[in-house]
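A structural walkthrough
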Amino acid sequence: MRDYSRFFEPGIIMYDLIVRGARLSGQSSLVDIGVADGRIAAIEAQLDGVAKECIEAQGDLTLPPFVESHIHLDSVLTAGDPRYNESGTLFEGIQVWTERKPFLTREDVIARASEAIRWQVANGILHVRTHVDICDPELTALRALLEVRESVAPAVNMQIVAFPQEGIPSYPGGAELLEEALRLGADAVGAIPHYEHTREAGVASLHTCFSLAQSYDRMIDVHCDEIDDEQSRFIEVVASLALQTGLHQRVTASHTTAMHSYNGAYTYKLFQLLQKARINFVANPLINITLQGRFDHYPVRRGVTRIKELWREGVNVSLGHDDILDPWYGLGTGSMVQVAHMAVHTSHMTGRAEIAETVRMITTRAARTLQIEETYGVEVGKPASFVIIPASDEFDLIRRQPMCRYVISHGQVVAHTNPARTTVTLGGRTEDVDFARE
Ligand code: FE2
């Protein structure tokens, strides 16, 4: 902490920023947070000291920043270009994207990704794991997103997953492009085994993925079993390889929607393996509630992975937005709170403790998925990165979904929203309405 004591009365500490009256998660009494040199220097009931800048939190919920653990920043904001996904299926989405890819340019990708990141920062997201399609001989999107990663750091911590959207053995030169993406600096290796031409090719793609991760010392994040086929069981291969290689928490399985349809006996066996493998799961409820079930007659499956069951079994689960205005999802503003709200509904996580847990799935649990726990959290000594939201607790946050009043990254205010004010006039009386209830 910087010592300004020589400029002031002895004993008075000067901070760069003091946040007064912050409500930390699960705590009834308010605290002050002192920030110096981009780090949290003190958290006390009443902080002595002065600061260049002071923020009155007014009892607002103060959380570590939201973590987006699964997004595709290369395809964001392309919905309708060259055409809309009319069937709403994953497969038409991939087809539309394949038609759009030849028109990708460095400037196009940088402009759209940068706009989406501004939306994310406004929504309190300061850690982003993005997948980028590397099934492109020029690797145009990957090169562009590497530039974006550089330009937004250190305010936004971005991880890039080299994602073979059209397969590894099933796409000409797929393995070579994947390796080149790692050489260029991607943080994690991806795969899409359920999309490979055969089951054998799917298994082979996972061996390639794990082998590259070991050679280049990178994390793994697999698009795994994103299909309603109950026979799609690549998750057992991912978990088994994580166990064999010892990569454990450095491995993430995304989507796993086929798990929705697994029978009880197989699920029991699988969960025994998951306990040993200690991998992470990312569910994308906004997207999969719309993409899945498209080939069903009634009753139509929800197709979202078993978020609640995985969490109850002690498996680390986080949530991702996946897509914003692109061929797979034509809606969205990049809000993780909206994602958690959908998880509450699709996973029957409506109990008070369960709703609070969905907030951990977009904060602390997501930080574990990204392997950033050491520098994440509202704690003395950690980077001064947090959000101040006009909500009384996690339940209130999910119910009303207010915007963050302040988003602070390494001690700097990077986004500020003045809460909307609504008045209602009835019976001659005008009153403020903010939907809050004690
Ligand atoms: Fe995805």
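Residues numbered from 1 in each chain as written. Predicted model: local features only at pLDDT ≥ 70, side-chain atom pairs only at ≥ 80, totals over all residues. Heavy atoms only, no water.

Turning to the pairing of strand β18 (residues 429–432), a few remarks are in order. By the bridge criterion, 4 bridges tie strand β17 (residues 423–426) to β18 in an arrangement that is antiparallel. Residue Thr425 lies in a different strand from β18, and its bridge partner there is Thr430. In textbook terms, the turn of a hairpin is the stretch between consecutive antiparallel strands, and for β17 and β18 this stretch comprises 2 residues, one of which, Gly427, has a positive phi near 55°. (Pairing = 2+ DSSP bridges. Helix = DSSP H or I, 4+ residues; strand = E, 2+ residues; numbered from the N terminus.)

Here we come to the state of the cysteines. For the structure on display, the rule yields 0 disulfides. For Cys135, which is in no disulfide, the shortest distance to another cysteine sulfur is to Cys209 and amounts to 13 Å. Counting only cysteine sulfurs, Cys224 is the nearest neighbor of Cys209, a cysteine outside any disulfide, at a range of 10 Å. Its relative accessible area of 0% is what places Cys209 among the buried residues. (Disulfide = S-S within 2.5 Å. Buried < 20%, exposed > 50% of the residue type's maximum accessible area, 1.4 Å probe, protein only.)

Two strands pair when backbone bridges link them, and strand β15 (residues 406–409) and strand β16 (residues 412–416) are joined in this way by 4 bridges, in the antiparallel orientation. Residue pairing for β16: Val407 is matched across the bridge by Ala415. In this antiparallel pair of consecutive strands, β15 and β16, the connection spans 2 residues, and His410 shows a positive phi of 50°.

Along its sequence, the protein is carved into domain 1 (6–64 + 377–422) and domain 2 (66–375). For domain 1 versus domain 2, the distance between C-alpha centres works out to 32 Å. Contact with domain 2 buries surface across domain 1, with Phe395, Ile398 and Gln401 losing the most and accounting together for 32% of the total. Viewed at the interface, domain 2 and domain 1 are joined by 0 salt bridges. Linking domain 1 with domain 2 are 4 residue pairs in polar contact (both at pLDDT 80 or more), by the criterion used here. Of all the elements in the fold, those that place two or more residues in the side of domain 1 that touches domain 2 are β14 (386–389), α13 (394–400), β15 and β16. The greatest single-element share of the side of domain 1 that touches domain 2, amounting to 4 residues, is contributed by α13. Partitioned by chemical class, the residues of the side of domain 1 that touches domain 2 number 14 nonpolar, 5 polar and 3 charged. (Domains from an automatic or database assignment. Buried area = accessible area lost by both parts, 1.4 Å probe. Salt bridge = Lys/Arg side-chain N within 4 Å of Asp/Glu carboxyl O. Polar contact = N/O pair within 3.5 Å; in protein donor to acceptor, adjacent residues only side chain to side chain. Nonpolar A, V, L, I, M, F, W, Y, C, P; charged D, E, K, R; others polar.)

Take the coordination of the iron ion next. His70 (NE2), His72 (NE2), His223 (NE2), His255 (NE2) and Asp322 (OD) make up the full set of protein donors to the iron ion, lying at 2.2 to 2.7 Å. Mapping the donors of the iron ion onto the primary sequence gives the spacing H-x1-H-x150-H-x31-H-x66-D. On the criterion of sequence distance, the pair formed by His223 in strand β10 (residues 219–224) and Asp322 in the loop between β13 (316–319) and α10 (336–346) is long-range, its members being 99 residues apart. The residues His223 and Asp322 share a single accessibility class, namely buried. (Donors = N, O, S within 2.8 Å, 3.2 Å for Na, K, Ca; no water.)

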